[in-house]
Amino acid sequence: MFTRHGTIVFLCVFENNAEHRFELKKRDGHVHFDFVPNLKEDAHYGFRVEGPWEPESGFRFDATKLLLDPRAWALTEPFSYHDNLCQRGIDTAHLIPKCVAQKPLLDVKRPVYRQPEFIYELNVKAFTKLHPDIPHAKRGTVAALAEMPVINHLKKLGVDTIELMPVWAWIDERHLKPLGLKNAWGYNPVQFFAPDPKLAPGGLAEIRETISILHDHDFRVVLDVVLNHTGESDQFGPTLCFRGLDNSTYYSRINGQLINDTGCGNTVALYDPHVVETTVAALRHWVLKVGVDGFRFDLATVMGRLPGGFERDAPLLQALRKDSVLSKCVMIAEPWDIGPGGYQLGNFPEHWLEWNDRYRDDTRRFWRGDAYSANNLATRITGSSDIFQSKGKPCASVNFLSAHDGFTLKDIVAYDQKNNLNNGEDNRDGKSDEVTWLNGDVKALLATLFLSRGTIMLTAGDEFGRTQSGNNNAYAQDNEVTWLNWENKNQDLIDYVSKLHELRISLHQFFADEFLTGKPYHTDMYPDAQWFNEKGEAFEWGNGSSGYLGLALFRHNSRVALVFNSSNSSQPLNFLPLPNRAWQKIFCSKQGENCPSDSVVVYREINSANGKGEE
């Protein structure tokens, strides 16, 4: 057990409600170790560490606190918050799950790396809890994702990458229990190796088997992971693992006080050599022993934080790039935190994908009708070159309309103010200035998403009209607020999303992973992109009131026209076709002739003589 400042380390083995302590008497540098005879497989254990209690110096050792092994693979039970976990001098062995000793697993056979094209963000419990076609015993668990009704649904949508919201063991925030609430999202981990028994009662084997089945059906699986903070929270939080092992090593501090760049009470010191090594080992564990294909990193700016600020070549980011396993994985950043200089969109390593909140907000603003929003939409639907040009590929932009935090897609057009009262914080929590489009059309929003260059992300349930009744921060709603209502799903909207995916596939040559130039592509005769207004003339970029944006794409002697019309009137297509060709409408997000108001329309150029598209 590693501890820089702890003086004595005990391994605590539990058998028949009795605790047996074994001091690790040997030491190599900061590692305490020893041999404990007759330790059996499935033995239950934890640690206790003695050392100084000097909070002003960052030392918070308390041997009355039973601690998790930071590299344990399994826990006996889920965490349940209790105030005594936070109180110095009170024994917590009866309050904390025990680690379970397990034999090593063989490495899994990993599929070939594949770049995500359509990511589906999924909360395991919320997605499966009320699914009528999943066996009751599996509902709410990872194993439910291997059931054919789930697989068939995702295949119908065209999903290729499933992003699982946190499955690592977590603890509820201490303010939730008095409110009768529970953490529904899992962004409050205790350590980085063990799955939460609530979601995976079968442990790592359950997740491993589920991922294997999903791989057999050609899905890739990405884990949403929280490395930036832990559930030990601020100085008044519980002592569960890292704090008791060596608080001053694992958490960022200034003048002895915890730094809170995460808004969750603490910030993991991901620049410390030992913490970097532990983190890399954890990620390798999930890839090699469980089979995941990559990771989405919550508040990823923390991963690059040094005392002087964010650096793209910070120790952890360098370690991931150099690692023979992790360098070949999907890496997705949520490129911000709440600390100084925390917004780092576009600044992560070259092969990383990044959540693009600029896409989310600029798309919503265009459909709401904001001034000059067409200018910004043009940049967003073509891959956000203003942000990602240095990476060379639009796929770096993860385009999304909504995510687990914020309004659902349906609520974007149904609410203009958040309704978070049932979170128990007097509606203070959650974003107060979300961009909404009251009484808008989700079909126009979805069409924009699927007709944009970049990587698509859709949050589970948005394809059939999920609502959280205006709650835009439903992390504490482990109930029907977040559980997907499959019985009342909007099948028409599901079919529509499926049709959008098929449309994108049929037009794949026009959505190549390259930035547009406005010049001919290779041997083509015409520019790869031409922007036009409702009159068919060149778009005026200084026109602050335009609610009409047209884009003609030319590739390999074929051309399509995309029209985004947020104006209040129907508009015909006035952009002239090439000689001996005519425009044929192949898609409209809304019923009606020409280009109805609040709609997205796609036209294909055909040979006017025979009515066929050029190949």
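We now turn to the structure provided with this report. All values reported here derive from a predicted model rather than from experimental measurement.

Rules used in this analysis
Residues numbered from 1 in each chain as written. Predicted model: local features only at pLDDT ≥ 70, side-chain atom pairs only at ≥ 80, totals over all residues. Heavy atoms only, no water. Core = buried A, V, L, I, M, F, W, Y, C linked by side-chain atoms within 4.5 Å. Buried < 20%, exposed > 50% of the residue type's maximum accessible area, 1.4 Å probe, protein only. Helix = DSSP H or I, 4+ residues; strand = E, 2+ residues; numbered from the N terminus. Contact = heavy atoms within 4.5 Å. Axes fitted to C-alpha atoms, helices over the stretch in contact; angles between N-to-C directions. Parallel < 35°, antiparallel > 145°, perpendicular 65-115°, else oblique. Left-handed = near helix turned anticlockwise from the far one by under 90°. Nonpolar A, V, L, I, M, F, W, Y, C, P; charged D, E, K, R; others polar. Pairing = 2+ DSSP bridges. Disulfide = S-S within 2.5 Å. Arc of directions from axis to C-beta. Phe/Tyr/Trp six-rings, centres within 6.5 Å; stacked < 30°, edge-to-face > 60°. Lys NZ or Arg CZ within 6 Å of the ring centre and 35° of its normal.

It is characteristic of soluble globular proteins that their nonpolar side chains tend to be buried jointly. W286, F295, F297, M303 and L326 are the most contacted members of the largest nonpolar core, which totals 149 residues. Of the residues forming this core, the biggest block, 10 residues, is contributed by helix α5 (residues 273–290). When neighbours within four sequence positions are excluded, F295 is seen to be in contact with V222, L223, V225, L283, W286, V287, L326, V330, M331 and I332. If you look at the next biggest cluster of nonpolar residues, it comprises 13 residues, including I119, L299, A403 and M457.

A few words on the packing of helix α7 (residues 357–368) against helix α8 (residues 373–381). Where α7 meets α8, the axes come as close as 9 Å, and the angle between the chain directions of the two elements is 140°. One element, α7, and the other, α8, form an angle in the oblique class. Here the hand of the crossing between α7 and α8 comes out left-handed. Where α7 abuts α8, its residues R358, Y359, D362, T363, R365 and F366 lie against S373, A374, N376, L377, R380 and I381. Residues that form the contact of α7 with α8 fall into these classes: 5 nonpolar, 3 polar and 4 charged.

Contact geometry of helix α2 (residues 148–157) with helix α12 (residues 491–506) gives a least axis separation of 7 Å together with a crossing angle of 55°. The angle between α2 and α12 falls in the class oblique. Here H153, K156 and L157 of α2 come into contact with α12, specifically with Q491, I494, D495, V497, S498 and H501. Each residue belonging to the contact of α2 with α12 can be placed in one class, and the counts come to 3 nonpolar, 4 polar and 2 charged.

Right, let's get into the environment of I387. Among the secondary structure elements, I387 is positioned in helix α9 (residues 385–388). Measuring from C-alpha to C-alpha, the distance between I387 and S397 comes to 8.6 Å, with 10 residues separating the pair along the chain.

One turn of an α-helix holds 3.6 residues; hence residues three or four places apart share an orientation. Burial analysis of α8 places 7 of its 9 residues in the buried class, the great majority of the element. Here α8 has its buried residues at S373, A374, N375, L377, A378, R380 and I381. G383 occupies a position one or two residues after α8 and carries a positive phi of about 105°.

Moving on, we get to the sheet that holds strand β24 (residues 581–588). Pairing is antiparallel in the open sheet, where 5 strands are placed in the order β21-β22-β23-β25-β24. The open sheet has two edge strands with one neighbour each: β21 (529–532) and β24. In this sheet, adjacent strand axes meet at a mean angle of 20° when their direction is disregarded. Against the sheet, α8 makes contact with β21, β22 (548–555) and β23 (558–565), and its axis sits at roughly 30° relative to β22, the strand it touches most.

This paragraph deals with unusual backbone geometry. As a rule of thumb, non-glycine residues mostly have phi less than zero, and peptide bonds are mostly trans rather than cis. For N427, which is not a glycine, the phi torsion comes out positive at approximately 65°. If you trace the backbone, N427 turns up in the loop between α10 (409–412) and α11 (442–450). Here N427 falls in the partly exposed class, since its relative accessible area comes to 22%.

What follows is about the state of the cysteines. As enumerated under the stated definition, the model contains 0 disulfides in all. Cysteine C86 shares no disulfide, and the gap to the nearest cysteine sulfur, in C241, comes to 15 Å. No disulfide involves C588; its sulfur sits 6.5 Å from that of C595, the nearest cysteine.

Among the 8 residues of β23, 8 are classified as buried, and the element is accordingly described as predominantly covered. Here β23 shows two buried faces, one formed by S558, V560, L562 and F564 and the other by R559, A561, V563 and N565. With 8 bridges joining them, β22 and β23 adopt antiparallel strand pairing. By the bridge assignment for β23, A552 is matched with A561. The sheet contact formed by β23 and strand β25 (residues 599–607) spans 6 bridges and is antiparallel. What sits directly across from L562, in β25, is V602.

To continue, consider α2. For α2, the set of buried residues is V150, I151, H153, L154 and L157. Buried residues in α2, looked at end-on, bunch into an arc of 160°, giving them a common side. Buried-residue contacts for α2 involve β9 (118–122), α1 (124–128), β10 (161–164), α3 (203–216) and α12. Looking one or two residues past α2, G158 carries a phi angle of roughly 95°, positive in sign.

Before going further, it helps to examine the packing of aromatic side chains. Summed over the entire model, instances satisfying the criterion amount to 26 aromatic pairs. Taken together, the aromatic side chains of W168, F192, F242, Y250 and W286 make up a single cluster linked through ring pairs. Positioned over the ring face of W483 is K129, at 5.6 Å from the centre of the ring. One cation-aromatic arrangement involves K443 over Y496; the distance from NZ or CZ to the ring centre is 5.1 Å.

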